[in-house]
Amino acid sequence: MGCLATLINLKSKYKNDNLYINIKRIILKSLPNNQSLVLFFNDKMIGNYAVVVDNCDLKIEDCKMPIDFINELKITDKLKELKLTKKQAFKKLDLKECGFVELLVEKDEYIKSGIHKEETGVVAIDYSIDDYVLVDFSEIDEDGNYYGDCIEVKINDLKKLN
């Protein structure tokens, strides 16, 4: 546990799971038949991960994770809590930075920032954190006054407009 690896062979099964070449991640466990259980973290959707079992498509790196990190994972059993083997694909973020979106729901968390259903905004960054993306709903009125806000919005609460 704790070795680092890089995905070097992008087979169609990995493409279908939204993985990509040169992604570096952690080998959790060595398995029989020259295979490993490997944990990949999604760079575009922070908090999203995938687990792959295969060694022929990996380049094992010379470096390892710091022992403190390895021990923390072992002690807290965080990896067991994630039910890792059931998650073998990345979610795909279909929203792009500077893309237009429409808010589909009316929720208190958005209302307190003055944002309401059917308002349009612009995606501010090209990644999400725990299924939330930063959206800029601000505008300038005819008198030059700035209004609105830039807030985190659940991806499922948005409709892509372009």
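Each remark here, short or long, concerns the structure printed above.
I will try to describe carefully the structure that is included in this document. Just so you know, the residues in each chain are numbered from 1, in the order the chain's sequence is written. Reporting of local features is limited, given that this is a predicted model, to residues whose pLDDT is at least 70; pairs of side-chain atoms are given and counted only at 80 or more, and all residues count toward the totals for whole chains, interfaces and linings. Hydrogen atoms and water are omitted, and side-chain values are computed over all heavy atoms in the structure.

1. Quick word on the overall build of the protein
No. 1: Helix and strand assignments come from DSSP, with helices taken as H or I runs of at least 4 residues and strands as E runs of at least 2, each series counted from the N terminus. The helix and strand inventory of the protein stands at 4 helices and 14 strands.
No. 2: Contacts are residue-level and defined by heavy atoms, with any inter-residue pair within 4.5 Å sufficient. Long-range contacts, defined as pairs at least 24 residues apart, comprise 50% of the intrachain contacts of the protein with a sequence gap of at least 6.
No. 3: Per-residue accessibility takes into account occlusion by the displayed protein chains alone, with areas from the Shrake-Rupley method and a 1.4 Å probe. Accessible area for the protein stands at about 10200 Å²; split by element, carbon and sulfur atoms hold 51% of it.

2. A few points about the layout of surface pockets
No. 1: Using a 1 Å grid laid over the protein atoms alone, points where a 1.4 Å probe fits but cannot get out form a cavity; open sets with protein on both sides within 12 Å along at least 5 of 7 lines form a pocket; any residue with an atom within 4 Å of a point counts as lining. Grid points are joined across faces, edges and corners, and a volume is the space filled by probe spheres set on the points. What the largest pocket holds in volume is close to 260 Å³.
No. 2: Every residue lining the largest pocket is counted, 14 residues in all, and those nearest its centre are Asn42, Lys44, Lys92, Leu93 and Lys96.
No. 3: Each residue receives one of three labels: charged for Asp, Glu, Lys and Arg, nonpolar for Ala, Val, Leu, Ile, Met, Phe, Trp, Tyr, Cys and Pro, and polar for the others, Gly being one of them. Among the residues making up the lining of the largest pocket, the classes are represented as 5 nonpolar, 2 polar and 7 charged.

3. Description of the pattern of salt bridges
No. 1: Only one rule defines a salt bridge in this text: a Lys or Arg side-chain nitrogen within 4 Å of an Asp or Glu carboxyl oxygen. Considering all chains together, one arrives at 2 salt bridges under this definition.
No. 2: Ionic pairing is found between Glu102 and Lys159, a salt bridge with its closest N-O pair at 3.8 Å. One end of the pair, Glu102, is in strand β7 (residues 100-103); the other, Lys159, is in strand β14 (residues 158-160), with 57 residues separating them in the sequence.
No. 3: The salt bridge partner of Lys107 is Asp157, with a shortest N-O separation of 2.8 Å. Remark: Asp157 occurs in the loop between β13 (150-154) and β14 and Lys107 occurs in the loop between β7 and α4 (108-111); sequence separation between them is 50 residues.
No. 4: Three labels apply to residues, based on accessible area from a 1.4 Å probe with only protein chains included: buried if under 20% of the type maximum, exposed if over 50%, partly exposed otherwise in between. Here Lys107 falls in the partly exposed class, since its relative accessible area comes to 30%.

4. Notes on the environment of Cys98
No. 1: For Cys98, the location among the structural elements is in the loop between α3 (78-81) and β7.
No. 2: Distance in space between the C-alpha atoms of Cys98 and Gly121 is 9.1 Å, their sequence separation being 23 residues.
No. 3: When neighbours within four sequence positions are excluded, Cys98 is seen to be in contact with Val122 and Val123.

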